[in-house]
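# Inside the fold
Spelled out from the first residue to the last, the chains are:
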Amino acid sequence: MTAILSARDLSAGYGESRVLRGIDLDILPGETIGLMGRNGMGKTTLIRTLIGLLPALQGQVLLDGADAAGLPAFARARKGIAVVPEGRGVFASLTVMENLRLAATTGEWTEARVLDLFPRLGQRASHRGNHLSGGEQQMLAIGRALMTNPRLLILDEATEGLAPLIRDEIWRVIRIVREAGVAVVVVDKTVSAVLSVVDRVVILVKGQIAWSGPPEILRADPGLMHRHLGVDA
Ligand SMILES: Nc1ncnc2c1ncn2[C@@H]1O[C@H](COP(=O)(O)OP(=O)(O)O)[C@@H](O)[C@H]1O
Ligand SMILES: [Mg+2]
């Protein structure tokens, strides 16, 4: 099976400062990966490099097995890579429906399906982005990403700053998306929630992959959890 996105000996960073080193990663169709690691370890930088917002300094990003170096972020998006960035990025001056319709493509993730997934968005249909709560903005950002009918959905800090009930709703939707066969990469600080939804965990420490494996193995290793995630199981 050809990976949707891959990193091969990938290094990237900002100007002179190299953040990622020697990253090798394959994101396969339909798999759910938890990208984990403490603050500042390079998770967002890896996402930005994979989606084409940051150039590789060394090594490669592959999209469907082909070098993606010449493909800007919008072209990668068109090939089925959707991102819900940290901070969400909904259009503040557009309504919920306008935000959703901007992203619409032909496919199974229609406006109706997204509103079914997040009934709250239907209730807020004519509200502008800047009049939504943080949770509603995150629902809108996810809904918008789904309306591009992605093969891969990447969520950076999926539930950060949200109330517990809204978090539950985001995790519920991530499960539905996963069961629909869309590949998912999720970053989130709620370790137990991440471990309960993913097929595989990738842990970054100082820009390198320090550990990768199934969530059950990680959960059964309190030392590893403590060392890399700061969590006492
Ligand atoms: N725009 C930037 N310019 C310079 N350094 C940055 C920038 N963004 C992040 N960094 C640095 O890169 C490292 C990794 O950050 P980041 O990828 O945001 O980590 P994470 O998402 O795991 O918290 C940190 O040391 C951070 O300070
Ligand atoms: Mg981050």
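Everything below is about the structure printed above this text.
Here the structure is a predicted model, which is why all the values come from computation and not from measurement.

Conventions adopted
Residues numbered from 1 in each chain as written. Chains lettered and ligands numbered in written order. Predicted model: local features only at pLDDT ≥ 70, side-chain atom pairs only at ≥ 80, totals over all residues. Heavy atoms only, no water. Helix = DSSP H or I, 4+ residues; strand = E, 2+ residues; numbered from the N terminus. Rg over C-alpha atoms; globule rule 2.2 N^0.38 Å. Buried < 20%, exposed > 50% of the residue type's maximum accessible area, 1.4 Å probe, protein only. Contact = heavy atoms within 4.5 Å. Areas by Shrake-Rupley, 256 points an atom, 1.4 Å probe, with all protein chains shown as cover. 1 Å grid on protein atoms, 1.4 Å probe; cavity = no way out; pocket = protein on both sides within 12 Å on 5 of 7 lines; lining within 4 Å. Points joined across faces, edges and corners; volume = space filled by probe spheres on them. Near = heavy atom within 4 Å. Polar contact = N/O pair within 3.5 Å; in protein donor to acceptor, adjacent residues only side chain to side chain. Nonpolar A, V, L, I, M, F, W, Y, C, P; charged D, E, K, R; others polar.

Our next topic: the overall build of the protein chain. Broken down by element type, the protein chain carries ten helices and ten strands. On C-alpha atoms alone, the protein chain measures out to a radius of gyration of 17 Å, which is about the 17 Å that the 2.2 N^0.38 rule sets for 233 residues. Viewed in the frame of its principal axes, the protein chain has a C-alpha envelope of about 45 × 45 × 35 Å. Burial statistics for the protein chain: of 233 residues in total, 48% are counted as buried. Long-range pairs, those at least 24 residues apart, make up 66% of the contacts in the protein chain between residues at least 6 apart in sequence. Of the roughly 10500 Å² of accessible surface on the protein chain, a fraction of 52% belongs to carbon and sulfur atoms.

Taken as a whole, the largest pocket holds about 650 Å³ of empty space. Around the largest pocket sit 25 residues that line it, and Ala77, Ile81, Ala82, Val83 and Arg144 are the ones nearest its centre. Elements represented by at least two residues in the lining of the largest pocket include exactly helix H1 (43–50), helix H2 (73–78), strand E6 (81–84), helix H3 (96–102) and helix H6 (134–147). The element contributing the most residues to the lining of the largest pocket is H2, with five residues.

Moving on, we get to the site of ligand 1. Residues in close proximity to ligand 1 include Tyr14, Val19, Arg38, Asn39, Gly40, Met41, Gly42, Lys43, Thr44 and Thr45, which together make up its full environment. In this structure, Met41 approaches ligand 1 through a main-chain N or O atom, which is 3.2 Å from an oxygen atom. Thr45 is positioned such that a nitrogen or oxygen atom in its side chain is 2.5 Å from an oxygen atom of ligand 1. Bound to the protein, ligand 1 loses 55% of the 560 Å² it would expose on its own. Considering every element that reaches the shell around ligand 1, the biggest residue donor is H1, with three residues. In terms of residue class, the shell around ligand 1 is built from three nonpolar, five polar and two charged.

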